[in-house]
Amino acid sequence: MATNDWTRFGQCICRRRVIYMLICFSLISCAPTKCMGSIDEERLLQNLTQFYNKSVRPVLNDTSPLKVFVGLSISQIIDVDERNQVMTTSLWVKQRWIDYRLAWSPLHYGNVTVIHIPITTLWRPDLVLYNNVDGPYDVTKETMALVHANGTVYWLPPAVYKSACNIDIQYFPFDEQECVLKFGSWTYDASKIDLEALSSRIERELYWPNQEWDIVDTPIEKHTIKYPCCDNTYVDLTFAFVLHRKSLFYIVTFVIPCVLITFLTIFVFYLPTESGEKVTLCISILLALIVFLLLIAESIPTTSSSIPMIGCYLLFTMGMVAVSTVVTVININIFFRGADTHTMPAWVRLVFIDSNMAKYLWVERPKNYLSYNITCDEMEHVKEIEALANSKKICMQTHSCTDSPALDRSCFNRNAFGSRANSVNYKPLHRGSNMEGTRFSLNPALDEGLEWRESETGEEIDPDANLDGEKGLPARLKEGLNYINFIVERTRDNDKDKRVEEDWSYVSMIVDRIFLYIYMIAVFVGTTSILLSSPVLWEPAGFHPPQIVDKPEIINIKPSPSTTEDPN
């Protein structure tokens, strides 16, 4: 019984195997015809690569160069390092050539016209980036290559390159940079490989804009070069990026503060010298420039090949502030000169005072500037003297002009400060008048007293004579006249000194105004000539040829199903 059971079990298993085989055969035979494409593609791939040698250049005649078309599609400018002079870019390196060994007839392979073949199994040009500074020189991402039925191989690998770029910061922040990527074969010379550009410009259909640089042009040049190391000539393609810096950030943070600080220095010459703050303002502006230069030093590219334009403007501003400080110190020295220390040269008076220069500089003196403004103390002395003279006249008329000292003293005590009516009739001497040997009138009251005395004695009284020898005058009057002469001489000397000081102050004001206009012109011309010297600011519209960018077209957008939804 045990043997029969095992026999039946084996027969059952064999029947099931036969049934499974029949089912699989029926499914394979009933498969749709479109599934036959994978078989054709597999057969095609096997036939193309079975006897393929990837080390042999795909040409029928070894003396004929293989034409390889190369192009770039920029994805993003990752960084432009001005300090290290390195540009980092993300690119698609497009390559196209014809390999006659990879051609087939689509009719023999189920109408397959394009096949994807790993690039590691095919011959490819050994293109490298000549001006690479970091990382691999060639493409590291080995993607699939598209092979067409006529033998055309199209390879589009992505790559990130760090290329050397000669940065010229002469016109920073309004600068233009030209960074190039030089591609060429590392081993094949011009007789083996001939490089050609796929297009006249670098493609930008997938370009992600950079926040600091604008791409204004992307020319491509082909060079045939013979190097000193080799006898053969080599071909390379140079892809150039013409970049313009976006200068809005630098205008707000660098240019505008510098210009405002520079124009603030103009007011140093407008500030009155009497304030005593001119040098303080100059030093404050100079310190502000130094602090500002330290703050922006990290943002300015450091190089010794040229000085940035913003650096030149800062140096210009600091030089102007230094010059204004020196001129201000000299001008303050002129302002505080006086008759006791300096004598005004004739040419200074002729040029600054007697000429019409002040009229054209709008610093004319007022019309009554020759009038002498008497100080309060001097006015009190004059009033006391006038009261003294008037009281003496009254005493002479009342007491029969006796020369009694007691009577004179009583008259002075009674009327010394009684008469104030004629105090305003004081006629001061003007500077510049010749007073020597000339009789002058001090006050009408004194003149009347002298005339009365002359009428009594019949002699002319000379106020400049020795009054002690005049026996006809009372002692009080003699003493008063001596006081008057002393005050007049002192007032005249003070008037002359003050007039000299006013002349020096006026010269200082004219010098200030002259340098104000000179400084305004210098600052305006320097600012415009330095900040507007960049050729980028004067490029006309259409200077760089416009490039038509074909952006990808989105055919359909379908949202992906949410994984959190309940399937029920």
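Shown above is the structure to which this text applies.
Remember, predicted model here, so these are calculated numbers, not experimental data.

Quick notes on the overall build of the protein chain
Stage number 1. When helices and strands are tallied, the protein chain shows 11 helices and 13 strands.
Stage number 2. Across the protein chain, contacts joining residues at least 24 apart in sequence account for 76% of those joining residues at least 6 apart.
Stage number 3. A total of about 34200 Å² of accessible surface is found on the protein chain, and carbon and sulfur atoms cover 59% of it.

Observations regarding the pattern of salt bridges
Stage number 1. Overall, the coordinates contain 23 salt bridges when judged by the stated rule.
Stage number 2. Across the pair Glu-205 and Lys-94 runs a salt bridge whose closest N-O atoms are separated by 3.5 Å. On the criterion of sequence distance, the pair formed by Glu-205 in the loop between strand S10 (193–197) and strand S11 (213–217) and Lys-94 in strand S2 (residues 86–98) is long-range, its members being 111 residues apart. An identical accessibility class is assigned to Glu-205 and Lys-94; each is buried.
Stage number 3. In this structure, Lys-162 and Asp-134 form a salt bridge, with 3.6 Å as the shortest nitrogen-oxygen distance. Residue Lys-162 is found in strand S8 (residues 158–164), and its partner Asp-134 is found in strand S5 (residues 132–134); the two are separated by 28 residues along the sequence.
Stage number 4. Overall, Lys-162 belongs to the partly exposed group, its relative accessible area being 34%.
Stage number 5. Ionic contacts of the salt-bridge type, sharing partners, join the residues Lys-67, Asp-194, Glu-196 and Lys-222 into one network.

As for the state of the cysteines
Stage number 1. Taken as a whole, this structure holds 1 disulfide when the rule is applied.
Stage number 2. A disulfide bridge connects Cys-165 with Cys-179, and the sulfur atoms are separated by 1.8 Å. Residues Cys-165 and Cys-179 are joined through a disulfide that is left-handed, its torsion about the S-S bond being -70°. One end of the pair, Cys-165, is in the loop between S8 and strand S9 (176–185); the other, Cys-179, is in strand S9, and 14 residues separate them in sequence. Each member of the pair, Cys-165 as well as Cys-179, carries the same accessibility label: buried.

A look at the pairing of strand S12 (residues 220–226)
Stage number 1. Two strands pair when backbone bridges link them, and S12 and strand S13 (residues 233–245) are joined in this way by 7 bridges, in the antiparallel orientation. Note on S13: the bridge partner recorded for Ile-225 is Tyr-234.
Stage number 2. The loop that links S12 with its antiparallel partner S13 comprises 6 residues.

Concerning unusual backbone geometry
Stage number 1. For the peptide bond that leads from Phe-172 to Pro-173, omega is 10°, which places it in the cis range.
Stage number 2. Mapping Pro-173 onto the fold places it in the loop between S8 and S9.
Stage number 3. We note that Gln-85 has phi near 55°; this positive angle belongs to a residue other than glycine.
Stage number 4. Take Gln-85: it is sitting in the loop between strand S1 (66–81) and S2.
Stage number 5. Gln-85 gets classed as partly exposed once you look at its relative accessible area, which sits at 27%.
Stage number 6. A positive phi angle is found at Asn-111, which is not glycine, with a value near 60°.
Stage number 7. Secondary-structure assignment places Asn-111 in the loop between S2 and strand S3 (114–118).

Focus: the nonpolar core
Stage number 1. With 83 residues, the main nonpolar core has Tyr-161, Leu-181 and Phe-241 as its most contacted residues.
Stage number 2. Ranked by the residues each element gives to this core, the list is headed by helix H5 (residues 309–335), at 9 residues.
Stage number 3. For Leu-181, the residues in contact, after removing those within four places along its chain, are Leu-72, Met-87, Thr-89, Leu-91, Leu-129, Asn-131, Tyr-161, Ser-163, Leu-237, Thr-238, Phe-239 and Phe-241.
Stage number 4. Counting residues in each nonpolar core, the second largest holds 13 residues, with Met-344, Ala-358, Tyr-506 and Val-507 among its members.

Thoughts on the side chain of Thr-238
Stage number 1. Tracing the chain through its elements places Thr-238 in strand S13.
Stage number 2. Within the structure, the side chain of Thr-238 is placed 3.2 Å from the side chain of His-223, a separation counted as a polar contact.
Stage number 3. Side chain to side chain, Thr-238 and Asp-236 meet in a polar contact 3.3 Å long.
Stage number 4. Once residues within four sequence positions are removed from consideration, Thr-238 is found in contact with Val-180, Leu-181, Lys-182, Pro-219, Ile-220, Glu-221 and His-223.

Focus: helix H4 (residues 278–296)
Stage number 1. For H4, spanning 19 residues, the distance from its first C-alpha to its last is 27 Å, which sits close to the expected 27 Å at 1.5 Å a residue.
Stage number 2. Every buried residue of H4 is listed here: Lys-278, Cys-282, Ile-285, Leu-289, Phe-292 and Ile-296. Seen from one end, H4 has its buried residues packed into an arc of 90°, which puts them on one side. Among the exposed residues of H4, those pointing more than 90 degrees away from its buried face are Leu-294 and Leu-295.
Stage number 3. Elements that come into contact with the buried residues of H4 comprise helix H3 (248–264), H5 and helix H11 (475–531).

The rules behind each value
Residues numbered from 1 in each chain as written. Predicted model: local features only at pLDDT ≥ 70, side-chain atom pairs only at ≥ 80, totals over all residues. Heavy atoms only, no water. Helix = DSSP H or I, 4+ residues; strand = E, 2+ residues; numbered from the N terminus. Contact = heavy atoms within 4.5 Å. Areas by Shrake-Rupley, 256 points an atom, 1.4 Å probe, with all protein chains shown as cover. Salt bridge = Lys/Arg side-chain N within 4 Å of Asp/Glu carboxyl O. Buried < 20%, exposed > 50% of the residue type's maximum accessible area, 1.4 Å probe, protein only. Disulfide = S-S within 2.5 Å. Pairing = 2+ DSSP bridges. Core = buried A, V, L, I, M, F, W, Y, C linked by side-chain atoms within 4.5 Å. Polar contact = N/O pair within 3.5 Å; in protein donor to acceptor, adjacent residues only side chain to side chain. Expected span 1.5 Å × (residues − 1). Arc of directions from axis to C-beta.

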